[in-house]
Amino acid sequence: MTRHEARETAFIILFEKLFRPDDGIDEIVSSAEESEFFQVDDFILSVTGKAGEKQDEIDGMIEKNLVGWTIKRISKVSLAVLRLAVCEILYFDDIPVSVSINEAVEITKKYSTAQDASFVNGVLGSVSKSVSE
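Remember, predicted model here, so these are calculated numbers, not experimental data.

Peer 1: What's the story with the overall build of the protein chain in this structure? I'm lost.
Peer 2: Check the secondary structure of the protein chain and you find seven helices and zero strands. Of the regular secondary structure in the protein chain, the N- to C-terminal order runs α-α-α-α-α-α-α. Its C-alpha atoms give the protein chain a radius of gyration of 14 Å, near enough to 14 Å, the size a compact globule of 133 residues would have. The principal-axis extents of the C-alpha atoms in the protein chain amount to approximately 40 × 30 × 25 Å. Counting over 133 residues, the protein chain shows a buried share of 45%.

Next comes the structure, spelled out in structure tokens:
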């Protein structure tokens, strides 16, 4: 499995979490594995686990970098992608920020619209600047 495929799988797990807020990430991953919907590797477990564990901090960083928006107004696709990318930016030093942003934009293009991809790119650009300061 490529890293891009792993990110896409992690996105799907985080997206599913938005519809199952009372379930933990582990439960969602287990359900997906049992149904053989997709394979799960160490990267997927690591990034989704960290995103679940640090969701409040990640959402705070997203909210801080929204202009004229609230987190509740963001589409579920964009929110799941943003959570994944912000998690990588904040907690995975071995992943270049530019890679996290580019991958997030590509996943958004695949699962949403070009307008959402531009929105995600802008939010992540702001996050990147605020983290580097």
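Moving on from the model shown.
Peer 1: Explanation requested: helix H7 (residues 114-132) in the structure shown.
Peer 2: For the α-helix, the turn length of 3.6 residues means that residues three or four positions removed from each other point alike. With 19 residues, H7 should reach 27 Å at 1.5 Å per residue; the first-to-last C-alpha distance of 27 Å fits that figure. Buried-residue contacts for H7 involve helix H4 (55-64), helix H5 (76-91) and helix H6 (97-111).

Peer 1: Could you clarify how one ought to interpret H5 in this entry?
Peer 2: Between its first and last C-alpha atoms H5 spans 22 Å; for 16 residues at 1.5 Å apiece the expected length is 22 Å, and the two agree. Counting buried positions over the 16 residues of H5 gives 13, a clear majority of the element.

Peer 1: Please explain the pattern of salt bridges as it appears in this structure.
Peer 2: Here the idea is simple: oppositely charged side chains can pair when their charged atoms come close. Using the criterion set out here, one finds seven salt bridges in the structure. Across the pair Arg-7 and Glu-88 runs a salt bridge, and its minimum N-O distance is 2.8 Å. Linking Arg-7 in helix H1 (residues 3-19) with Glu-88 in helix H5, this pair joins segments that are 81 residues apart in sequence. Here Asp-23 ties to Arg-20 by a salt bridge, and the two come within 2.7 Å at their closest N and O atoms. On the accessibility criterion, Asp-23 (21% relative accessible area) is partly exposed. One salt-bridge network, held together by shared partners, links Glu-16, Arg-20 and Asp-23.

Peer 1: Is there a simple way to explain the nonpolar core in this structure?
Peer 2: Among soluble globular proteins, nonpolar side chains are generally buried collectively. Ranked by internal contacts, the top residues of the largest apolar core, which has 44 residues, are Ile-62, Ile-74, Leu-82 and Leu-124. It is H5 that provides the largest number of residues to this core, a total of 10 residues. Residues in contact with Leu-124, not counting those within four places in the same chain, are Leu-82, Ala-85, Val-86, Ile-89, Ile-101 and Ala-104.

Peer 1: Looking at this structure, I do not really get the packing of aromatic side chains. What am I missing?
Peer 2: The way to describe two aromatic rings as a pair is by their centre distance and the angle between their planes. Applying the stated criterion across every chain yields a total of five aromatic pairs. Their ring planes at 70° and their centres at 5.1 Å tell us that Phe-15 and Phe-19 sit as a pair that is edge-to-face. Of the two residues, Phe-15 and Phe-19 are both situated in helix H1; the distance of four residues between them amounts to about one turn of the helix. Given the relative accessible area of 25%, Phe-15 is considered partly exposed. A residue is classified by how much of its surface remains accessible, and Phe-19, at 49% relative accessible area, is partly exposed. Connected via pairs of aromatic rings, a cluster forms that spans Phe-11, Phe-15, Phe-19 and Tyr-111. The ring of Tyr-91 is capped by Lys-50, whose NZ or CZ atom sits 5.7 Å from the centre of that ring.

Peer 1: Explain the environment of Val-97 to me, please; I cannot follow it from the model alone.
Peer 2: Along the polypeptide, Val-97 turns up in helix H6. The spacing of Val-97 and Arg-7 is 90 residues in sequence and 14 Å in space, taken between C-alpha atoms. Beyond its immediate stretch of four places on either side in the chain, Val-97 contacts Ile-89 and Ser-128.

Conventions and cut-offs
Residues numbered from 1 in each chain as written. Predicted model: local features only at pLDDT ≥ 70, side-chain atom pairs only at ≥ 80, totals over all residues. Heavy atoms only, no water. Helix = DSSP H or I, 4+ residues; strand = E, 2+ residues; numbered from the N terminus. Rg over C-alpha atoms; globule rule 2.2 N^0.38 Å. Buried < 20%, exposed > 50% of the residue type's maximum accessible area, 1.4 Å probe, protein only. Expected span 1.5 Å × (residues − 1). Contact = heavy atoms within 4.5 Å. Salt bridge = Lys/Arg side-chain N within 4 Å of Asp/Glu carboxyl O. Core = buried A, V, L, I, M, F, W, Y, C linked by side-chain atoms within 4.5 Å. Phe/Tyr/Trp six-rings, centres within 6.5 Å; stacked < 30°, edge-to-face > 60°. Lys NZ or Arg CZ within 6 Å of the ring centre and 35° of its normal.

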